[in-house]
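Listed below are the residues making up each chain.
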Amino acid sequence: MAETPDTPTLTAQVRTEFGKGAARRTRRANQIPAVLYGHGEAPKHLAVPSHDTFLVLKDNPNAVITLDVEGEQQMALTKHIQRDPVRRTIEHVDFVIVRAGEKVTVDVPVHVVGESAPGTIHQIEIMTLTVTVPATRIPETIDIDIEGLEDGTVVRVRDIPRPEDATIEDDPEHEVVVISTPRVSADDLAADEASAEAGAAAGAEGGAPESTEG
């Protein structure tokens with residue numbers, strides 16, 4: 001039996017006007033210009049509600065949704081989000097048609113969980129991983145547990161547990177997270193000592209405040 005995915009629904013209207021002026025009018029009407037394509041179908045130019053779309057996409061750039069286009073429902077994957085470079089508001093969205101049970105390839109953010117050993121820090125070397133996964137089970141993040149990991153530990157792609165029915169497409173040997181101990185250089189120590197000496201000298205020059213009594 002095919003999956004019946006539980007996805008958020010956005011009500012979409014078909015756009016019949018195009019160009020920058022039409023796009024501005026759409027945004028003034030609290031709608032976002034969008035396009036739906038894929039599976040050999042002709043692209044559909046749509047407008048989706050600004051607020052509802054923002055809520056659906058704000059924490060999940062790979063959101064799978066159901067578009068209700070004039071009464072016809074279509075499951076779609078968010079493929080590309082165009083944002084205003086200053087205000088970060090959504091200006092345009094590309095959706096691609098997906099079917100229940102179909103696998104898709106998407107970039108998923110890396111998320112570190114836990115704390116490494118005392119005195120160490122972690123460095124994320126790859127911010128996203130390319131994952132092939134069923135469209136209805138795309139993880140919002142790839143979680144990497146670093147709890148208690150010691151200095152010198154390197155977490156590679158091959159060390160990361162795969163989400164269910166998923167494949168990570170990146171090179172298995174790529175470093176994803178590196179655990180290290182911060183080391184203070186001789187230059188840093190000299191700078192700290194010079195700063196402390198300068199502070200002490202400034203305090204000595206200031207001396208005790210003069211009396212203002214007559």
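Structure shown above.
Definitions and cut-offs
- Residues numbered from 1 in each chain as written.
- Predicted model: local features only at pLDDT ≥ 70, side-chain atom pairs only at ≥ 80, totals over all residues.
- Heavy atoms only, no water.
- Helix = DSSP H or I, 4+ residues; strand = E, 2+ residues; numbered from the N terminus.
- Buried < 20%, exposed > 50% of the residue type's maximum accessible area, 1.4 Å probe, protein only.
- Pairing = 2+ DSSP bridges.
- Core = buried A, V, L, I, M, F, W, Y, C linked by side-chain atoms within 4.5 Å.
- Contact = heavy atoms within 4.5 Å.
- Axes fitted to C-alpha atoms, helices over the stretch in contact; angles between N-to-C directions.
- Salt bridge = Lys/Arg side-chain N within 4 Å of Asp/Glu carboxyl O.

1. A look at unusual backbone geometry
Argument step 1. Of note, the phi angle at His39 is positive, near 55°, even though the residue is not glycine.
Argument step 2. Summarising the element assignment, His39 is placed in the loop between strand 2 (31-38) and strand 3 (41-49).
Argument step 3. Of note, Arg88 is a non-glycine position whose phi angle comes to about 65°, a positive value.
Argument step 4. Looking at the element boundaries, Arg88 is found in the loop between strand 5 (72-83) and strand 6 (90-97).
Argument step 5. When its relative accessible area of 48% is taken as the criterion, Arg88 is described as partly exposed.

2. Concerning the pairing of strand 10 (residues 142-145)
Argument step 1. Burial along strand 10 is one-sided: the face carrying Ile142 and Ile144 is buried and the face carrying Asp143 and Asp145 is not.
Argument step 2. In this sheet, strand 10 lies alongside strand 7 (residues 103-113) in parallel orientation, the contact comprising four bridges. Looking at the pairing, Val110 lines up with Ile142 of strand 10.

3. Regarding the nonpolar core
Argument step 1. Core analysis: the largest hydrophobic core is formed by 27 residues, its most contacted members being Leu77, Leu129, Val131, Ile144, Ile160, Val176 and Val177.
Argument step 2. Secondary-structure elements contributing two or more residues to this core are strand 5, strand 7, strand 9 (128-134), strand 10 and strand 13 (175-180).
Argument step 3. Sort the elements by how many residues they give to this core and strand 7 lands first, with five residues.
Argument step 4. The residues touching Leu129, leaving out its near neighbours within four places in the chain, are Val106, Asp107, Val108, Val110, Ile142, Val157, Ile160, Ile168, Asp170 and Val176.
Argument step 5. Grouped together as the second largest cluster of nonpolar side chains are 18 residues, Leu10, Leu57, Ile90 and Phe95 included.

4. Focus: the sheet that holds strand 3
Argument step 1. Strand order in the closed barrel formed by six strands is 1-3-2-6-5-4, with mixed pairing between adjacent strands. Direction aside, neighbouring strands of the sheet carry axes that sit 45° apart on average.
Argument step 2. Sheet topology places strand 5 next to strand 6; seven bridges connect them, and they run antiparallel. When the sheet's bridge partners are listed, His80 is paired in strand 6 with Asp94.

5. Description of the environment of Thr16
Argument step 1. Looking at where Thr16 falls in the secondary structure, it is placed in the loop between strand 1 (9-14) and helix 1 (20-28).
Argument step 2. Taking the C-alpha atoms as reference, Thr16 lies 9.8 Å from Lys44; in sequence the two are 28 residues apart.

6. Considering the pattern of salt bridges
Argument step 1. Scanning all chains against the criterion turns up seven salt bridges.
Argument step 2. Note that Glu175 and Arg156 form a salt bridge whose closest N and O atoms lie 3.9 Å from each other. Here Glu175 is found in strand 13, whereas its partner Arg156 is found in strand 11 (residues 154-156), with 19 residues between them in sequence.
Argument step 3. Through salt bridges with shared partners, a single ionic network connects Arg158, Asp159 and Glu173.

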